[in-house]
Amino acid sequence: MPIYDVSDAGVMTLAGHDVRDLVVEYGSPLIVLVEDDIRSRCRQYRGEMAGLYPRTRVHYAGKAFLTTGFCRLIQEEGLGLDVVSWGELETALAAGFPPEHILMHGNAKTYRDLERALEVGVGRIVVDNLSEIERLAELTERMETTAKVMLRIAPGVKPSTHAYIQTGQIDSKFGFNLNGGDADLAVQRVMEFPRLELVGIHCHIGSQIFDQDPYALAVDAMVGLYAKIQKEYGVPIDELNMGGGLGVLYEKRYGGSGIEEHVSMLCRDVLDAAKKYDVEPPLLYHEPGRSIVAHAGVTLYTVQSLKKIEGIRNYLSVDGGMTDNPRFALYQAKHPVVAAEHMNDKADVVWSISGRCCESGDMLQRDVLLPDLKPGDLIAFLSTGAYTYSMASHYNRVAKPAVLLVSPGRCGLLAARDTVEDLIRLDRIPSWLEEVTDSKL
Ligand code: LLP
């Protein structure tokens, strides 16, 4: 099912809202998230896992998209949350998200990150490296508290996805390598600190993965280690977190979610591995981000200018770009594009969509077929709910767009558009520049 409908006038509607009205009210560019779609994907994950596996937890990976209002939605759907920084943690806390259902990741957690996590009592800290074990031991001692920890393991699996989002291979900045003894060393080190309670192990092999085989390999490696920790080290760990990573078919407008298939294979693989290594099936965590929120998102842009270079390229420049969606610039990611007010018109012009920033790399898409558009027309990029707003920047001091949550009959902001005050809020003028005393203008 496409995320949008088309009105008789050929205009895109989202949850019954005419996109032209949304832009008039909330401005352009505008990121719109369709609430029902997000909720149904949360339910698919939870329902599917609960139906196939004895004990499961689904934690939404906040890095895909996170605001206080979004935390509320995630909480309502019964998903835990995974955060990677103090900022994401504070966002969740500000929303009233229960800290015991928060899991903290990160390969370079600062004292501030860890101290705050301990102070509020996050459910699990996923320890990434030996320095962090020392740091956490020191902090728990100083704060006279304890921490439930999972060890992040790099199982030595390399999924086929963009190199920037592979994370489970040996040459990775993340986690303890399984091969070569790092993982064993980590277990032994954690065991030396009574304030650190080792409860489980974690891996995340990468993102935007479609092939199930690397997951199967990772499951085998992880359950093998799980059994070893229980049997050889005598630590009664009970939890296995297989991360997130399920891919989203950006090229296809109506792609299915793939959630059922992915989850059922993962659950089956873990159950099989538990049998093979002769352990009770662990409490199984899943940490999806993209597959929860990507398809729900539509970014609306207004065409600002056209430049047709005969025989070479037709540029169509919009009022946003890499500042609200750096995914093409970073990974050459292809989001489908449609002419939001001319949905039924013939798409017979090849356009390259450029952003408004002062650099040639600020492209949103190359060579897409759209109707012959003109300045003022709206275009829509589909499946932009994940890793767009959360990776937005203020390059060129471009304001970040608003993010709007829409449902039939109602809509509400998840994030307001930046104002001029927001853009200069953190600027300071050093005392000796308070007055311009020597203007050479
Ligand atoms: N768990 C951990 C530890 C992760 O590092 C990630 C994503 C996830 C879960 C969620 O993965 P997902 O289900 O969303 O694939 N900016 C890139 C994606 C970076 C993903 C980073 N880690 C992009 O735009 O494609």
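Every value quoted in this text rests on a predicted model; they were computed, and no experiment measured them.

**What to know about the packing of helix H4 (residues 86-94) against helix H5 (residues 111-120)**
Argument step 1. It is the contact of H4 with H5, at a shortest axis distance of 9 Å, that shows an interaxial angle of 30°. Taken together, the axes of H4 and H5 lie roughly parallel to each other. As for how H4 packs across H5, the hand of that crossing is left-handed. Across the interface between the two elements, Trp-86, Leu-89, Glu-90 and Leu-93 from H4 touch Arg-112, Asp-113, Arg-116, Ala-117 and Val-120 from H5.

**Quick look at the state of the cysteines**
Argument step 1. A complete count under the given rule lists zero disulfides for this structure.
Argument step 2. In this model Cys-42 remains outside any disulfide bridge; the closest cysteine sulfur is found in Cys-71, 12 Å from its own.
Argument step 3. Lacking any disulfide linkage, Cys-267 is separated from the closest cysteine sulfur, that of Cys-203, by 14 Å.
Argument step 4. Looking at Cys-267, the relative accessible area reads 1%, which means it is buried.

**With respect to the nonpolar core**
Argument step 1. Grouped together as the largest cluster of nonpolar side chains are 89 residues, with contacts concentrated most on Ile-38, Tyr-60, Leu-151 and Val-293.
Argument step 2. Looking at which element gives the most residues to this core, the answer is helix H8 (residues 213-231), with nine residues.
Argument step 3. When residues are assigned to domains, this core turns out to be shared by domain 1 (5-33 + 295-424) and domain 2 (53-288), each giving three or more.
Argument step 4. Ile-3, Val-23, Leu-382 and Leu-404 belong to the second largest nonpolar core, which has 23 residues in total.

**So, the pattern of salt bridges**
Argument step 1. Counting across every chain of the model gives 25 salt bridges.
Argument step 2. The shortest N-O distance in the salt bridge between Arg-116 and Glu-90 comes to 2.3 Å. You can see Arg-116 sitting in helix H5 and its partner Glu-90 sitting in helix H4, a full 26 residues away along the chain.
Argument step 3. Notably, a salt bridge pairs Arg-189 with Glu-134, separated by 2.7 Å at the nearest N-O pair. Here Arg-189, found in helix H7 (residues 182-191), pairs with Glu-134, found in helix H6 (residues 130-142); they are 55 residues apart in sequence, far enough to count as distant.
Argument step 4. Taking relative accessible area as the criterion, Arg-189 reaches 24% and is therefore assigned partly exposed.
Argument step 5. Under the relative-accessibility criterion, Glu-134 is labelled partly exposed at 33%.
Argument step 6. Overlapping salt bridges bring together Glu-35, Arg-39, Arg-43, Glu-76 and Glu-77 as one network.

**Looking at the domain arrangement of the protein**
Interface extent is often summarised as the accessible area lost during association of the parts.
Argument step 1. Considered domain by domain, the protein is made up of domain 1 (5-33 + 295-424) and domain 2 (53-288).
Argument step 2. Just the C-alpha atoms count here: the centres of domain 1 and domain 2 sit 34 Å apart.
Argument step 3. The interface of domain 1 with domain 2 comprises 22 residues on the first partner and 16 residues on the second.
Argument step 4. Summed over both sides, the interface of domain 1 with domain 2 buries roughly 1600 Å², with 66% coming from carbon and sulfur.
Argument step 5. Summed over the shared surface of domain 1 and domain 2, the result is zero salt bridges.
Argument step 6. Counting across the interface, domain 1 meets domain 2 through three residue pairs in polar contact (both at pLDDT 80 or more).
Argument step 7. Those elements giving two or more residues to the side of domain 1 that touches domain 2 turn out to be helix H11 (327-331), strand S16 (337-339), strand S20 (402-407) and strand S21 (410-415).
Argument step 8. The greatest single-element share of the side of domain 1 that touches domain 2, amounting to three residues, is contributed by H11.

**A closer look at the side chain of Thr-140**
Argument step 1. Mapped onto the elements, Thr-140 comes out in helix H6.
Argument step 2. Residue class for Thr-140 comes out buried when judged on its relative accessible area of 0%.
Argument step 3. When sequence neighbours within four positions are dropped, the list of residues in contact with Thr-140 reads Leu-118, Thr-145, Thr-146, Ala-147, Arg-195 and Leu-196.

**Considering the site of the ligand**
Argument step 1. Near the ligand, the surroundings consist of 19 residues, among which Ser-207, Glu-287, Arg-290, Arg-327 and Tyr-387 are the closest.
Argument step 2. Between Ser-207 and the ligand, the recorded distance is 2.4 Å, taken from a side-chain N or O atom to an oxygen atom.
Argument step 3. The contact in question runs from an oxygen atom of the ligand to an N or O atom on the backbone of Arg-290, over 2.8 Å.
Argument step 4. Taken together, the residues that form the shell around the ligand break down as six nonpolar, seven polar and six charged.
Argument step 5. If you count residues domain by domain, the shell around the ligand takes at least three from each of domain 1 (5-33 + 295-424) and domain 2 (53-288).

Reading the values: rules and limits
- Residues numbered from 1 in each chain as written.
- Predicted model: local features only at pLDDT ≥ 70, side-chain atom pairs only at ≥ 80, totals over all residues.
- Heavy atoms only, no water.
- Axes fitted to C-alpha atoms, helices over the stretch in contact; angles between N-to-C directions.
- Helix = DSSP H or I, 4+ residues; strand = E, 2+ residues; numbered from the N terminus.
- Parallel < 35°, antiparallel > 145°, perpendicular 65-115°, else oblique.
- Left-handed = near helix turned anticlockwise from the far one by under 90°.
- Contact = heavy atoms within 4.5 Å.
- Disulfide = S-S within 2.5 Å.
- Buried < 20%, exposed > 50% of the residue type's maximum accessible area, 1.4 Å probe, protein only.
- Core = buried A, V, L, I, M, F, W, Y, C linked by side-chain atoms within 4.5 Å.
- Domains from an automatic or database assignment.
- Salt bridge = Lys/Arg side-chain N within 4 Å of Asp/Glu carboxyl O.
- Buried area = accessible area lost by both parts, 1.4 Å probe.
- Polar contact = N/O pair within 3.5 Å; in protein donor to acceptor, adjacent residues only side chain to side chain.
- Near = heavy atom within 4 Å.
- Nonpolar A, V, L, I, M, F, W, Y, C, P; charged D, E, K, R; others polar.

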